[in-house]
Amino acid sequence: IAAGQLESRIWDAALRTYVHGMTEAIAQEVAEPGAVPLLHELLVDSSFPRRDNVVAFLAYLGGSDSTAHLIASLSRGALDPSLPADDRAALLVPEALGRIAGRGDPRALGALLALTRRDPTDGALSLSITIDADLARQAVRALAFTGSSEALARLAEIERSAERPGDPDADLATGVRAAT
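Remember, predicted model here, so these are calculated numbers, not experimental data.

What counts as what
- Residues numbered from 1 in each chain as written.
- Predicted model: local features only at pLDDT ≥ 70, side-chain atom pairs only at ≥ 80, totals over all residues.
- Heavy atoms only, no water.
- Helix = DSSP H or I, 4+ residues; strand = E, 2+ residues; numbered from the N terminus.
- Buried < 20%, exposed > 50% of the residue type's maximum accessible area, 1.4 Å probe, protein only.
- Contact = heavy atoms within 4.5 Å.
- Areas by Shrake-Rupley, 256 points an atom, 1.4 Å probe, with all protein chains shown as cover.
- Phe/Tyr/Trp six-rings, centres within 6.5 Å; stacked < 30°, edge-to-face > 60°.
- Lys NZ or Arg CZ within 6 Å of the ring centre and 35° of its normal.
- Axes fitted to C-alpha atoms, helices over the stretch in contact; angles between N-to-C directions.
- Left-handed = near helix turned anticlockwise from the far one by under 90°.
- Nonpolar A, V, L, I, M, F, W, Y, C, P; charged D, E, K, R; others polar.
- Salt bridge = Lys/Arg side-chain N within 4 Å of Asp/Glu carboxyl O.

A. Representation of the overall build of the chain in the model. On a plain count of helices and strands, the chain comes out with 10 helices and zero strands. Listing the helices and strands of the chain from first to last along the sequence gives α-α-α-α-α-α-α-α-α-α. Here the chain holds 180 residues, and 45% of them are scored as buried. Of the contacts formed within the chain by residues at least 6 apart in sequence, a portion of 63% connects residues at least 24 apart. When the accessible surface of the chain is summed, it comes to about 8800 Å², and 54% of that surface belongs to carbon and sulfur atoms.

B. Structural view of the packing of aromatic side chains. Scanning all chains against the criterion turns up two aromatic pairs. With centroids separated by 6.1 Å and ring planes inclined at 90°, the aromatic side chains of Tyr18 and Phe57 adopt a geometry described as edge-to-face. Here Tyr18 is found in the loop between helix H1 (3–15) and helix H2 (24–30), whereas its partner Phe57 is found in helix H4 (residues 51–61), with 39 residues between them in sequence. Tyr18 gets classed as buried once you look at its relative accessible area, which sits at 17%. Relative accessible area serves as the criterion here: at 1%, Phe57 is assigned to the buried category. The ring of Phe145 carries the charged tip of Arg99 above its face, separated from the ring centre by 4.1 Å.

C. Focus on the packing of helix H8 (residues 133–146) against helix H9 (residues 149–161). Direction vectors running N to C along H8 and H9 enclose 145°, while the axes themselves pass 8 Å from each other. Relative to H9, the crossing made by H8 is left-handed. On the side of H8, the interface is formed by Val140, Leu143, Ala144 and Thr146, while H9 contributes Ala151, Arg154, Leu155 and Ile158. Residue composition of the contact of H8 with H9, by class: six nonpolar, one polar and one charged.

D. Focus on the pattern of salt bridges. What the rule picks out here adds up to seven salt bridges. Taking the shortest distance from any N to any O, the salt bridge between Asp86 and Arg51 comes out at 2.6 Å. Of this pair, Asp86 sits in helix H6 (residues 84–102) while Arg51 sits in helix H4; the two residues are 35 residues apart in sequence, bridging distant segments of the chain. For the pair formed by Asp86 and Arg51, the shared burial category is buried. The salt bridge involving Arg88 is made with Asp52; its shortest N-O contact spans 2.8 Å. One end of the pair, Arg88, is in helix H6; the other, Asp52, is in helix H4, and 36 residues separate them in sequence.

E. Layout of the environment of Ala68. Inspection of the secondary structure assignment puts Ala68 in helix H5 (residues 64–73). Between the C-alpha atom of Ala68 and that of His40, which follows or precedes it by 28 residues, the distance is 9.9 Å.

F. Examining helix H3 (residues 35–43) more closely. Across the nine residues of H3, seven count as buried, placing the element largely inside the fold. Restricting attention to buried positions, one finds in H3 the residues Ala35, Val36, Leu38, Leu39, His40, Leu42 and Leu43.

G. Representation of the environment of Gly110 in the model. You can see Gly110 is positioned in helix H7 (residues 106–117). By relative accessible area, Gly110 is classed as partly exposed at 25%. Once the C-alpha coordinates of Gly110 and Gly98 are considered, the two residues, 12 residues apart in sequence, prove to be 10.0 Å apart.

Right under this line is the structure:
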């Protein structure tokens, strides 16, 4: 497929409404060489109206090269939370990171762990983002997608926090039951 045809195909796919959500099969329909770099471009294009679909496609198509783009999309001002599609995009980023971590990317896993700790300077990973309660809850859910022992240990730690009054993770504990 010529570059212009591929770009048009990606644009069309990312502009559609997926009533039942994105699936791996739908994402694979547009998967071909060049699709992921185009999705990265659309993710930073503030004039593109459906960046939520872009993140959903990256959840299934992205690899370690997508992790930095997804993290950057959460940076202050990258997505406009007053726009419903951008708000959905931000809430989908943890799932995309979880699926990418499940395919073996340690940086995606590190980002998820940092998001669940709500500390952007946690460990060796530094995220220049504000972690709100909704984003943290989505990250808890996404840990289950990784299949990693480190993620499962973090989920267990969060679940135990419900038994400790005042623990900052306690409000995340209900998300663990939904995630596992």
